[in-house]
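# Secondary and tertiary structure notes
Chain by chain, the residues run as shown.
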Amino acid sequence: MKTNFPILESERTILRQFVASDLQNVFQGLSHPEVIKYYGVSFKSLEETKEQMTWFSNLEKNENGIWWAVCSKTSRKFLGAAGLNDVSKEDKKAEIGFWLLPEYWGNGFITEIVPLLFNYAFNCIGLNRIEAFVETENTNCKKVLEKLNFNLESSLKDCEIKNDKLINLDIYSKLNTQ
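Conventions and cut-offs
Residues numbered from 1 in each chain as written. Predicted model: local features only at pLDDT ≥ 70, side-chain atom pairs only at ≥ 80, totals over all residues. Heavy atoms only, no water. Helix = DSSP H or I, 4+ residues; strand = E, 2+ residues; numbered from the N terminus. Rg over C-alpha atoms; globule rule 2.2 N^0.38 Å. Buried < 20%, exposed > 50% of the residue type's maximum accessible area, 1.4 Å probe, protein only. Contact = heavy atoms within 4.5 Å. Areas by Shrake-Rupley, 256 points an atom, 1.4 Å probe, with all protein chains shown as cover. Lys, Arg positive; Asp, Glu negative; His and termini not counted. Charge placed at Lys NZ, Arg CZ, Asp CG, Glu CD. Pairing = 2+ DSSP bridges.

## Quick word on the overall build of the protein
- Scanning the protein from N- to C-terminus turns up five helices and eight strands.
- Relative to the 2.2 N^0.38 estimate, which gives 16 Å for 178 residues, the radius of gyration of the protein is 16 Å and therefore close to what a compact globule would have.
- Buried residues in the protein amount to 48% of all 178 residues.
- Sequence separation of at least 24 residues holds for 58% of the intrachain contacts in the protein that already meet a minimum separation of 6.
- With the model as given, the accessible surface of the protein reaches about 9600 Å², and the carbon-plus-sulfur share is 47%.
- Within the protein, the 24 negative side-chain charges are centred at a point lying 5 Å from the centre of the 21 positive side-chain charges.

## Points about the pairing of strand β3 (residues 65-72)
- Of all eight residues in β3, eight are buried, a share of seventy percent or more.
- Residues G65, W67, A69 and C71 point to one face of β3 and I66, W68, V70 and S72 to the other, with burial holding for every one of them.
- Judged from the four bridges that link them, strand β2 (residues 13-16) and β3 form a sheet pairing that is antiparallel. Paired with I14 across the strands is C71, a residue of β3.
- Two strands pair when backbone bridges link them, and β3 and strand β4 (residues 78-88) are joined in this way by seven bridges, in the antiparallel orientation.

Here it is in structure tokens:
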């Protein structure tokens, strides 16, 4: 990764480094029942959410990922988060993740910002493969991935336990050659 944090911009958004004042926004998202329904992380307090802020920071420090705060370009209002984790420079791959506050769903923000992540991953880090692991029941996320030309590779049956229940995950990929 780079020493200076990369700021990415689309037509309507700016993706910037997380700062301490984002704690409340991250908590708002990662405690919201609709956001965390299919998300692997959730928090019950601001204090717990500090773990997520530390995780964002450690990804950069350890050079095994990078996450951005997604903000409106005009108002600078916090919309959500997106990034890459489990970056393997040896295998030239990473896992993508993203979430938005529900009031911004359905406005095309994810399909606008994810290509910025592709560009960064493929052209700045030198990756060849982006992976997405999606709960099989998360039809909205799967529709977005299909719009972004991800390929469904396989499904893992009963592969994780969430809320004391076995869940299935679908594995999607986007290659640099696509």
